[in-house]
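Structure assessment
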Amino acid sequence: MHTFGYRANALLTFAITALAFICAIASFSDKFSNQNPSAEIQILNINRFKKQSHGNDEVSLTLDISADLQSLFTWNTKQVFVFVAAEYETPKNSLNQVSLWDAIIPAKEDAKFRIQVSNKYRFIDQGQNLRGKEFNLTLHWHVMPKTGKMFADKIVMPGYSLPDAYR
């Protein structure tokens, strides 16, 4: 006859195995969701474009960000972290990324938005490489599920440029 300890161990092992199997199926089910987010970013104003006292370029922008990320939400989505980055090349680095704005979207109802905001984080280049520079604005997102693997993607919007002279 089995003791209470053996029976509790068998029951607990079965419960944990069943829970792991259900979590795996839940995570796998996200692969079949149709995700088609959209976004548009416009630069409304270049508030400040100057050379700092120690030689670095600094830019302050007013952005109009509109996005529809509702398709990223499924029953398994806990929240979505979204951020806008400026991406450009310099002679020293093939890819420079500067985060300008970010937010956490906790629910599907909040995932369709339009905001006008100045960059939340400073847009600074270590050097004097921003005058006349063409750059991309990229909307990145990270979907954080309740169970399973986190995934990320982005929308790249090319064709932005900074003025040739400081303001």
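So, a few notes on the structure that sits alongside this text. The structure displayed is predicted, hence computed values, not measured ones.

Conventions we followed
Residues numbered from 1 in each chain as written. Predicted model: local features only at pLDDT ≥ 70, side-chain atom pairs only at ≥ 80, totals over all residues. Heavy atoms only, no water. Pairing = 2+ DSSP bridges. Helix = DSSP H or I, 4+ residues; strand = E, 2+ residues; numbered from the N terminus. Axes fitted to C-alpha atoms, helices over the stretch in contact; angles between N-to-C directions. Buried < 20%, exposed > 50% of the residue type's maximum accessible area, 1.4 Å probe, protein only. Lys, Arg positive; Asp, Glu negative; His and termini not counted. Salt bridge = Lys/Arg side-chain N within 4 Å of Asp/Glu carboxyl O. Polar contact = N/O pair within 3.5 Å; in protein donor to acceptor, adjacent residues only side chain to side chain.

Thoughts on the sheet that holds strand β4 (residues 96–105)
The strand order across the open sheet built from four strands is β4-β3-β7-β8, with neighbouring strands paired in antiparallel fashion. Of all strands in the sheet, those bounded by a partner on one side alone are β4 and β8 (151–161). Going from strand to strand, the sheet's axes swing by 20 degrees on average, the running direction of each strand aside. Inspection of the sheet shows strand β3 (residues 77–88) paired to strand β7 (residues 134–145) by ten bridges, in the antiparallel sense. Following the sheet pairing, Phe 83 is matched in β7 by His 140.

What to know about the side chain of Asp 57
With respect to the helices, strands and loops of the structure, Asp 57 is situated in strand β2 (residues 57–68). Among buried charged residues, Asp 57 stands out as having no salt bridge; its nearest opposite-charge side chain is Arg 131, 4.8 Å away. Polar side-chain contacts of Asp 57 include one of 3.3 Å to the backbone nitrogen of Asn 129. Of note is the side chain of Asp 57, whose polar atom sits 2.5 Å from the side chain of Tyr 166.

Section: the pattern of salt bridges
Considering all chains together, one arrives at four salt bridges under this definition. With a shortest N-O distance of 3.4 Å, Glu 58 and Arg 122 are connected by a salt bridge. Of this pair, Glu 58 sits in strand β2 while Arg 122 sits in the loop between β5 (112–118) and β6 (123–125); the two residues are 64 residues apart in sequence, bridging distant segments of the chain. Look at Glu 58 and you get buried, because its relative accessible area is 5%. Of the residues examined, Arg 122 reaches a relative accessible area of 54% and is grouped as exposed. As a salt-bridge pair, Lys 120 and Asp 102 come within 2.7 Å of each other at their nearest N and O atoms.

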